[in-house]
Amino acid sequence: MTYMMENPKTITQATYYIIIARYLERCADHACKIAENVQYMETGERVEIK
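Reading the values: rules and limits
Within every chain, residues take consecutive numbers counted from 1 along the sequence as written. Residues qualify for local features only when their pLDDT is at least 70, as the model is predicted, and side-chain atom pairs are given and counted only at 80 or more; totals for whole chains, interfaces and linings, by contrast, use all residues. The basis for every side-chain value is the complete set of heavy atoms in the structure, and neither hydrogens nor water enter the calculation. Note on aromatic contacts: the rings of Phe and Tyr and the six-membered ring of Trp form a pair at centre separations within 6.5 Å, being stacked when their planes are under 30 degrees apart, edge-to-face when over 60 apart, and tilted otherwise. Note on geometry: a ring has a charge over it if NZ (lysine) or CZ (arginine) is within 6 Å of the ring centre and within 35 degrees of the ring normal. Only one rule defines a salt bridge in this text: a Lys or Arg side-chain nitrogen within 4 Å of an Asp or Glu carboxyl oxygen. A run of H or I in DSSP counts as a helix once it spans at least four residues, and a run of E counts as a strand once it spans at least two, with each numbered from the N terminus.

A.B. asks: Mind showing me how you'd approach the packing of aromatic side chains here?
C.D. replies: All chains considered together, the criterion is met by 0 aromatic pairs. Its end group placed over the ring of Tyr40, Arg46 keeps NZ or CZ at 4.4 Å from the ring centre.

A.B. asks: Can you help me understand the pattern of salt bridges in this one?
C.D. replies: Following the criterion strictly, the structure yields 1 salt bridge and no others. Here Glu36 ties to Lys33 by a salt bridge, and the two come within 3.7 Å at their closest N and O atoms. Taken as a pair, Glu36 and Lys33 lie in helix α2 (residues 11-43) at a separation of 3 residues, close to a single helical turn.

In structure tokens:
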């Protein structure tokens, strides 16, 4: 936020970075869920990845 307030020309680019970070977090969440499902299919045990 301070980066954007210091130089208003960077608001668009910083907003894109924020959106990209959110999408990367969602991808990581999906990858964890896939890993949990694979673990269950292979061993029959439920493992909660945190």
